[in-house]
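Tertiary structure, described
So the chains spell out like this:
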Amino acid sequence: MSWVSSIPFKPVLDPVERISETLFGLIMALTFTCTLGVATADSIKVHTMLFGALGCNLAWGIIDAGVYLLARLNHQARKHLTLRAMREAPDLETARGIIGDALPPLVASVLPPEQLELMRQKLHQLPEPSGRPRLMKRDWIGALGLCLLSFLSTFPIVIPFIFMTDARLALRVSNAVAIVMLFFCGYAFGYRSGLRPWATGLSMVALGGALVGVAIALGG
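Described in the following lines is the structure provided in the data block. (Residues numbered from 1 in each chain as written. Predicted model: local features only at pLDDT ≥ 70, side-chain atom pairs only at ≥ 80, totals over all residues. Heavy atoms only, no water.)

**Structural notes on the overall build of the protein chain**
Regarding its fold elements, the protein chain presents 9 helices and 0 strands. Counting helices and strands in the order they occur from the N terminus, the protein chain gives α-α-α-α-α-α-α-α-α. (Helix = DSSP H or I, 4+ residues; strand = E, 2+ residues; numbered from the N terminus.)

Now the structure itself:
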C-alpha cells in the first residue's frame, strides 16, 4: 500500500464544492436561456431552449471535470515532490521548514519545533512513492460528480420547457425557478461558510444576476 492510499478517507467533494458547482451550472443555464431569449425574442422555440440548455451544461460539466482531474493530478505530484524535498533536505531545519510550508499557515504557526521534528520522522518512515503521480479512483469519482452536478442542476430550469407549450411563459417560469435555486444555494453556502445564510442567499441572487448580465453583454 502506498503512502498516498494510507490517508484516511474523506468525502470526494466537500459541501462547498458541491454547492459551488451547482451555482456554476445554474449561472451557465441562465446565461444560455436569457441570451437565447433575447436573440430569438420573436420566435422562441421550446425545443431549442430545452436541448440548448442541457447541451450547454453537459459540455461545461465535461470541461469542468477535465480541469478538476488536472488539478488533482497536480495535487498528487506536489505531495510527491514535498516528500522527496523533505527527505533530500541538507539539514533538519530545512526539512522542518518544508513540512511547515506544506501545512496551513495557522497550523504551522502554532506547532513547536518538536512537533515538526516528530512529523519529519514519521514522514521519513513512509515508503518511497512508487512510480509517477497518478489519478486515484476517488479523483475520477469526483470528476464524474462535478460533471453530473453541472448537468443535473439544469433540470429544474428546463422543466418548464417540457410541460409548457408557451415558450415565453416557460422562460419566465424557468428564470423564477433559477432565482429560487440561486437563493437556496447561497443560503446553504452561507450556512456552511459561517456567514449569515439569508444575507448570503440574497447576495447570491444579486451576484448571479450580475454575472448573467455581464455574460450576455459580452456575447453570452
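Once you've had a look at it, read on.
**Topic: the pattern of salt bridges**
Applying the stated rule across the entire model yields 4 salt bridges. Residues joined by salt bridges that share partners form a network here, namely Glu93, Arg96, Glu117 and Arg120. (Salt bridge = Lys/Arg side-chain N within 4 Å of Asp/Glu carboxyl O.)

**Digging into the nonpolar core**
Leu23, Leu26, Leu30, Ile157, Leu182, Cys185 and Val212 are the most contacted members of the largest nonpolar core, which has 14 residues in total. Counting residues per element, this core draws most heavily on helix α1 (residues 15–39), at 7 residues. (Core = buried A, V, L, I, M, F, W, Y, C linked by side-chain atoms within 4.5 Å. Buried < 20%, exposed > 50% of the residue type's maximum accessible area, 1.4 Å probe, protein only.)

**Considerations on the environment of valine 212**
Along the polypeptide, valine 212 turns up in helix α9 (residues 197–217). Measuring from C-alpha to C-alpha, the distance between valine 212 and alanine 29 comes to 9.4 Å, with 183 residues separating the pair along the chain.

**Considering the packing of aromatic side chains**
Under the defined criterion, the tally for this structure stands at 5 aromatic pairs. For the ring pair phenylalanine 151 and phenylalanine 155, a centre distance of 5.3 Å and an interplane angle of 90 degrees mean the geometry is edge-to-face. Aromatic pair phenylalanine 183 and phenylalanine 184: ring centres 5.5 Å apart, planes at 75 degrees, arrangement edge-to-face. We classify phenylalanine 183 as buried; its relative accessible area is 13%. Using a relative accessible area of 52% as the deciding quantity, one classes phenylalanine 184 as exposed. Linked through ring pairs, Phe183, Phe184, Tyr187 and Trp198 together constitute an aromatic cluster. (Phe/Tyr/Trp six-rings, centres within 6.5 Å; stacked < 30°, edge-to-face > 60°.)

**Points about the environment of glutamine 121**
Here glutamine 121 is to be found in helix α5 (residues 113–124). Taking relative accessible area as the criterion, glutamine 121 reaches 36% and is therefore assigned partly exposed.

**What about the packing of helix α7 (residues 155–163) against helix α8 (residues 167–193)?**
Running from N to C, α7 and α8 cross one another at 160 degrees; their axes reach a closest spacing of 8 Å. One way to sum up the angle between α7 and α8 is to call them roughly antiparallel. The handedness of the crossing between α7 and α8 comes out as right-handed. Counted together, Pro156, Ile157, Pro160 and Phe161 of α7 and Ala167, Ala170, Leu171, Val173, Ser174, Val177, Ala178 and Met181 of α8 form the full contact between these two elements. Tallied by class, the residues present in the contact of α7 with α8 amount to 11 nonpolar, 1 polar and no charged. (Axes fitted to C-alpha atoms, helices over the stretch in contact; angles between N-to-C directions. Parallel < 35°, antiparallel > 145°, perpendicular 65-115°, else oblique. Left-handed = near helix turned anticlockwise from the far one by under 90°. Contact = heavy atoms within 4.5 Å. Nonpolar A, V, L, I, M, F, W, Y, C, P; charged D, E, K, R; others polar.)

**What to know about α7**
All buried positions along α7 are accounted for by Ile157, Val158, Pro160 and Phe161. Around the axis of α7, the buried residues are gathered within 135 degrees of arc, so they sit on the same side. (Arc of directions from axis to C-beta.)

**Examining the side chain of arginine 120**
As for its placement among the helices and strands, arginine 120 is situated in helix α5. Among the polar contacts made by the side chain of arginine 120, one reaches the side chain of glutamate 117 at a distance of 2.8 Å. Setting aside residues no more than four positions away along its own chain, arginine 120 makes contact with Met86, Leu92, Ala95 and Ile99. (Polar contact = N/O pair within 3.5 Å; in protein donor to acceptor, adjacent residues only side chain to side chain.)

**Details of helix α3 (residues 92–102)**
Because an α-helix completes one turn every 3.6 residues, residues spaced three or four positions apart along the sequence face the same direction. For α3, the complete set of buried residues consists of Ala95, Arg96, Ile99 and Gly100. For α3, the buried positions fall inside an angular range of 140 degrees around the axis, keeping them on one side. Every exposed residue of α3 that faces more than 90 degrees away from the buried side is listed here: Glu93, Asp101 and Ala102. Where α3 starts, the residue carrying a side-chain oxygen 3.2 Å from the main-chain nitrogen of glutamate 93 turns out to be aspartate 91.

By themselves, these figures tell us nothing about what the structure is for.
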